[in-house]
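Geometric and topological summary
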Amino acid sequence: MLPNHSTAFAWGRSPSLFPRPTAPSAVRLTLEPTLARAGMFDGAWWPHSRDVRAELPGLITALSAHLGAILRVGLDQDAWDDIPRSLTIDGRVVHIGWFTASDDTMSVTRGLDDHFMLLVVPPWATAPAAAAAMAMAARTGNRMPAATILAATGTTPEIPDAVPLLAVDAEGQRIQEAEDGAAGPV
């Protein structure tokens, strides 16, 4: 049984639980339902801003409640403003590493070498696009890289030439447009 964090966190253990109405400071997090780590991502996070000091404490608190103590995170350097080396969150020091090309992803480490990978949806994404991206990333066995998910859900300003644009619903199901202009699931 999962703890009830409905007042502090808007998160889901399956894509169908996101989005929920959230308080402005709520953590927008979706985890893969089995946490089997069989896919590209173990979940997705949609921060409200690019401010690490404002965003990371809520995420770490939410993740720690369900995964255990988080010791380290790795962030995409280009996606955040002023990344500190560490933060003290809930009385525990969380070390922060950064990378120059982590492609809208985030690694979370509990224990000495137990890593989880999260898709990080850009803060400026619309709610429907963010919900669709989070659902796709949290789907069990998902193998799509971050660029494909974000392009398919319209959360990137420019779509790379090598990534086809896919129409998807909020649960990450591909939608195909019929000849008469009506859309339906593939």
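For the structure, see preceding data.
I will try to describe carefully the structure that is included in this document. These numbers were taken from a predicted model, which means no experiment stands behind them.

What counts as what
- Residues numbered from 1 in each chain as written.
- Predicted model: local features only at pLDDT ≥ 70, side-chain atom pairs only at ≥ 80, totals over all residues.
- Heavy atoms only, no water.
- Helix = DSSP H or I, 4+ residues; strand = E, 2+ residues; numbered from the N terminus.
- Buried < 20%, exposed > 50% of the residue type's maximum accessible area, 1.4 Å probe, protein only.
- Contact = heavy atoms within 4.5 Å.
- Areas by Shrake-Rupley, 256 points an atom, 1.4 Å probe, with all protein chains shown as cover.
- Pairing = 2+ DSSP bridges.
- Polar contact = N/O pair within 3.5 Å; in protein donor to acceptor, adjacent residues only side chain to side chain.
- Core = buried A, V, L, I, M, F, W, Y, C linked by side-chain atoms within 4.5 Å.

This brings us to the overall build of the protein. In terms of regular secondary structure, the protein is built from three helices and 11 strands. For the protein, the succession of helices and strands along the chain, N to C, is β-β-β-α-β-β-β-β-β-α-α-β-β-β. Residue burial in the protein is summarised as follows: out of 186 residues, 45% are buried. Contacts in the protein between residues at least 24 apart in sequence constitute 54% of all its contacts with a sequence separation of at least 6. When the accessible area of the protein is evaluated, it comes to approximately 9,600 Å², of which 54% is carbon and sulfur surface.

A few words now on the pairing of strand β2 (residues 27-31). It is a general feature of regular strands that their side chains alternate between the two faces of the sheet. Across the five residues that make up β2, a large majority, five, are buried. What you see with β2 is no split at all: V27, L29 and L31 on one side and R28 and T30 on the other are buried throughout. Both β2 and strand β3 (residues 43-45) contribute to a ladder of three bridges, which runs antiparallel. Counted as the bridge partner of T30 is A44 from β3.

Our focus in this paragraph is helix α1 (residues 52-67). Of all the residues in α1, the buried ones are V52, E55, L56, L59, I60, A62, L63, H66 and L67. Two or three places before R53, at the opening of α1, D51 has a side-chain oxygen 3.1 Å from that residue's backbone nitrogen. Two residues or fewer past α1, G68 is found with a positive phi of approximately 105°.

As a further point, take the nonpolar core. Ranked by internal contacts, the top residues of the largest apolar core, which has 26 residues, are L29, W45, L56, L63, V73 and M106. Those elements that place two or more of their residues in this core are β2, α1, β4 (70-76), β5 (86-89), β6 (92-99), β7 (105-110) and β8 (114-120). No other element matches α1, which puts seven residues into this core. In contact with M106, other than residues within four places in its own chain, are W45, L56, L59, V73, G74, L75, F116, M117, L118 and V120.

To continue, consider the environment of A151. With respect to the helices, strands and loops of the structure, A151 is situated in helix α3 (residues 146-152). In the structure, A151 is positioned 22 residues away from A129 in sequence and 9.9 Å away in space, judged by C-alpha atoms.

Turning to the pairing of β6, a few remarks are in order. Relative to β6, β4 is paired through five bridges, and the arrangement is parallel. Bridge pairing in β6 places R72 opposite H95. Bridge analysis of β5 against β6 gives four bridges, and the strand direction is antiparallel. Counterpart to L87 in the pairing with β6 is V94. Taking the residues between adjacent antiparallel strands as the criterion, β5 and β6 are bridged by two residues, where D90 takes a positive phi near 55°.

None of the figures reported here should be taken as evidence of function without further support.
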